[in-house]
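If you want the building blocks of each chain, they are given just below.
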Amino acid sequence: MPTARDETPIRGIPGSRGIAIGTAVVLEQSPPAVEQYFLPNELVAGEIGRLNLSVYNAIEQIRHLRNRISAAPTTDHIQMLDLHEQMLRDPQFVGEALEIIRAEHINAEWAVRKATVRIRDIFDNLESGYFRERKDDLDSVSERLLRHLAGQSSELGSNIPPNAIIIAQSLSPGDMAELHDKNIGGFATEYGSYTAHTTIIARSLEIPAVVGARSVCSMVQNGTAVIIDGNSGLVVLNPSAETVAQYQAAQDTFVTLCKKLRRNRKERAVTEDGHIIKLLGNLDFVDELAALVDVGGQGVGLLRTEYLFVNRHSLPNEEEQYEHYRSIISAVAPARTTIRTLDIGDDKLTSGSRFPPELRPFQALRAIRYCLKEKAIFRTQLRALLRASIHGRLRIMIPYVSSVDEIREVRLLLAEVKRELTEDGLVYDPDVPLGVMIEIPAAVVLADLLAQEADFFSVGTNDLIQYSLAVARHEEETNHLYQPLHPAMLRTLQHVAEAAKRGGIEVSICGEMAGDPLYTMVLLALGYSELSMAPQHIPLVKHIVRQTRLPECYDLLCSLMAMATVQEVNQFVAERMTTRFPELFLR
Ligand code: PEP
Ligand code: MG
């Protein structure tokens, strides 16, 4: 067994490229265990004092957090913190717990638990959506109080020094939204996968990350020296001076390579034989625009709108959404911005829910299905999008489409929303293209029919691979089965590109596959000349595009199509790409 001070490597999954060397901050995520014990008479007053002190400390902590929050996307967080403070001051909750200590002579933790359960029961009987959300707040407040009683005051995002290496069981996309302005150095999580949304955001923010590093939490303590090697998926604990020096050298090489590649920012993404390829950015937050401009991205191929809706208490209204979309569309103009309508389900809308949403990968009532059920939410988004359309070149993209009916229903709704806007005297571009994401196998099968209804396709390989191969994209245990180059995926992608071509519409890929340089030649051969990815990958993919010829790509694909197993395909592609581009693939 390694001792706490031995250099210990832990293998995980490479999540986001880059190397980070620093000190660990372990995020406490599970609520402290609570035991019940009885108190003799003389200790009851002291126990009441202990609870009051914890309430005071929890309120102070909330105020501290509130003062640190300054800007979007977390402004609405302030409302939530205010509400939590009110709850801590509410005699119904804390008063109930104090009364339980007095009457039953039990410890403060148990009394808080009991009071929480009683108030939850009251909320349950009220059966209103508002109170259902308040139950999550009640749980958060109760958990905060229990942490203070247990002497742990840590809070996600508080007390995290710059360049800290975050170690956690899992981080949700909401957590990343909170951590994203904290300048963390890198992170390692026990759960997660390459295409989990948290990892996708890490790549966009250029934060080195290793995910699926089982047991990392139990082996690391606050202050442990850690190296995150996001290139190979290794977490090194207590590295020796020699290892640190090696990684520092590797980091320098990596930074130099990135800088060198970024020199191609002004070059066109054109193959050696003259085929023009479009390389676009996937964005989650407005401030990622700078990175996109920095690498010379040719527009936004996917703007996820979910992050405007999570970590907050109320839905963003039309005005707030309009401003958000307007700022991006106008900054990207004259290039095009493709905005995806809300891809969210019930679970993510519930504020305060801290469990990783990836635990529900096959959640069915998501995205367009959710929007067509909750039409008021969808209408507001469509109104805001249409109003913002006059500030540049917008395309609206519908996620999770599985039938022709859905796109028809969206078109009807869009027509209604346009009529309303005209009646309200508001202007919009009447010809905003409406496209669909191809990410459910049913959409692949119907691609010829969908191509007659949609103005463009964008293939969401992250979901398409999981649903085609029946492998949850977020599960690290089945990571080995999540195979982008599976012979079934090659045929699927070829079928979609051909259907789009026959239907005379544009097709692109916006899943993570588009940004992995290992796949660039294959995707070009399959017929994709528009690829949208995390901005930091654009220089790598452009490097390959500029040094390849289409016949060479077709040759490669021809060999792959003759192979029956994914192992053969993977090995062939790895060997070919390493030989052709050793500067990118040889470490
Ligand atoms: C996809 O599924 O490939 C995609 C781009 O959408 P998301 O990752 O947000 O599900
Ligand atoms: Mg998807």
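How each quantity is defined
Residues numbered from 1 in each chain as written. Chains lettered and ligands numbered in written order. Predicted model: local features only at pLDDT ≥ 70, side-chain atom pairs only at ≥ 80, totals over all residues. Heavy atoms only, no water. Helix = DSSP H or I, 4+ residues; strand = E, 2+ residues; numbered from the N terminus. Buried < 20%, exposed > 50% of the residue type's maximum accessible area, 1.4 Å probe, protein only. Contact = heavy atoms within 4.5 Å. Areas by Shrake-Rupley, 256 points an atom, 1.4 Å probe, with all protein chains shown as cover. Near = heavy atom within 4 Å. Polar contact = N/O pair within 3.5 Å; in protein donor to acceptor, adjacent residues only side chain to side chain. Nonpolar A, V, L, I, M, F, W, Y, C, P; charged D, E, K, R; others polar. Salt bridge = Lys/Arg side-chain N within 4 Å of Asp/Glu carboxyl O. Pairing = 2+ DSSP bridges. Axes fitted to C-alpha atoms, helices over the stretch in contact; angles between N-to-C directions. Donors = N, O, S within 2.8 Å, 3.2 Å for Na, K, Ca; no water. Expected span 1.5 Å × (residues − 1). Core = buried A, V, L, I, M, F, W, Y, C linked by side-chain atoms within 4.5 Å. Phe/Tyr/Trp six-rings, centres within 6.5 Å; stacked < 30°, edge-to-face > 60°. Lys NZ or Arg CZ within 6 Å of the ring centre and 35° of its normal. Right-handed = clockwise from strand over helix to strand, strands pointing away.

(A) Region of interest: the overall build of the protein. When helices and strands are tallied, the protein shows 24 helices and 16 strands. Within the protein, buried positions represent 56% of all 587 residues. Taking the contacts inside the protein whose residues are at least 6 apart along the sequence as the reference set, 71% of them involve residues at least 24 apart. When the accessible area of the protein is evaluated, it comes to approximately 24,500 Å², of which 52% is carbon and sulfur surface.

(B) Region of the structure containing the site of ligand 1. Inspection of the region around ligand 1 gives 15 residues, with His 197, Arg 304, Gly 460, Asn 462 and Arg 473 positioned closest. Arg 366 is positioned with one of its side-chain polar atoms (N or O) 3.4 Å from an oxygen atom of ligand 1. Between ligand 1 and Gly 460 there is a distance of 3.3 Å, counted from an oxygen atom to a backbone nitrogen or oxygen. Burial of ligand 1 by the protein amounts to 100% of the accessible area it has alone, namely 280 Å². Secondary-structure elements contributing two or more residues to the shell around ligand 1 are α7 (197–204) and α18 (461–469). Examining the composition of the shell around ligand 1, we find that three residues originate from one element, α18, more than from any other. Here the residues of the shell around ligand 1 are counted per class, giving four nonpolar, five polar and six charged.

(C) Spatial organisation of the pattern of salt bridges. Inspection of every chain in the model, using the stated rule, returns 37 salt bridges. Note that Arg 50 is salt-bridged to Glu 109, the shortest N-O span being 2.8 Å. One end of the pair, Arg 50, is in helix α1 (residues 41–68); the other, Glu 109, is in helix α4 (residues 108–126), with 59 residues separating them in the sequence. Taking relative accessible area as the criterion, Arg 50 reaches 26% and is therefore assigned partly exposed. Overlapping salt bridges, with partners in common, bring together Glu 318, Glu 319, Arg 379, Arg 383, Arg 387, Glu 416, Glu 420 and Asp 424 in one network.

(D) Quick look at the sheet that holds strand β6 (residues 209–211). If you trace the eight strands from one edge of the open sheet to the other, you get β1-β8-β7-β3-β4-β5-β6-β2, paired in mixed fashion. Lying at the two open borders of the sheet, with one neighbouring strand each, are β1 (8–11) and β2 (13–16). Within the sheet, the average angular offset between the axes of one strand and its neighbour, ignoring direction, is 30 degrees. The sheet contacts of α7 involve β2, β5 (186–189) and β6, and relative to β2 the element is tilted by about 55 degrees. Packing against the sheet, helix α9 (residues 241–262) makes contact with β3 (19–26), β7 (225–229) and β8 (234–237), and its axis sits at approximately 125 degrees to β3.

(E) Just the coordination of the magnesium ion (ligand 2), in detail. Bound to the magnesium ion (ligand 2) are the protein donor atoms Glu 439 (OE) and Asp 463 (OD), situated 2.0 to 2.1 Å from the metal. Here Glu 439, found in the loop between β13 (434–438) and α16 (441–445), pairs with Asp 463, found in helix α18; they are 24 residues apart in sequence, far enough to count as distant.

(F) Geometry of helix α14 (residues 375–388). With 14 residues, α14 should reach 20 Å at 1.5 Å per residue; the first-to-last C-alpha distance of 20 Å fits that figure. By the burial criterion, the buried members of α14 are Ile 377, Phe 378, Gln 381, Leu 382, Arg 383, Ala 384, Leu 385, Leu 386, Arg 387 and Ala 388.

(G) Molecular detail of the nonpolar core. Counting 126 residues, the largest nonpolar core has Phe 187, Phe 457 and Tyr 528 as the members making the most contacts within it. Tyr 528 has contacts with Val 459, Leu 493, Val 496, Ala 497, Val 507, Ser 508, Ile 509 and Leu 523, leaving out every residue within four places of it along the chain. In terms of nonpolar packing, the next biggest core, distinct from the first, is built from 30 residues, Val 34, Leu 51, Val 55 and Leu 138 among them.

(H) Region of interest: the packing of aromatic side chains. Per the counting criterion, the structure on display carries two aromatic pairs. Here Phe 285 and Tyr 307 contribute two aromatic rings whose centre-to-centre distance is 5.3 Å and whose plane-to-plane angle is 50 degrees, an arrangement assigned as tilted. Here Tyr 307 lies in the loop between β10 (299–303) and α11 (318–332) and Phe 285 lies in the loop between β9 (278–283) and α10 (289–294), a separation of 22 residues in the sequence. By relative accessible area, Phe 285 is classed as buried at 5%. Over the face of the ring belonging to Tyr 194 we find Arg 203, whose NZ or CZ atom lies 3.7 Å from the ring centre. Lying over the aromatic face of Phe 456, Arg 395 brings its terminal NZ or CZ to 3.6 Å of the ring centre.

(I) Region of interest: the pairing of β10. Most of β10 is tucked away, with five of its five residues classed as buried. Once you follow β9 into α10 and on to β10, the crossover reads as right-handed. For β10 and strand β11 (residues 336–340), the ladder comprises three bridges, and the chain directions are parallel. By the bridge assignment, Gly 299 is partnered in β11 with Arg 336.

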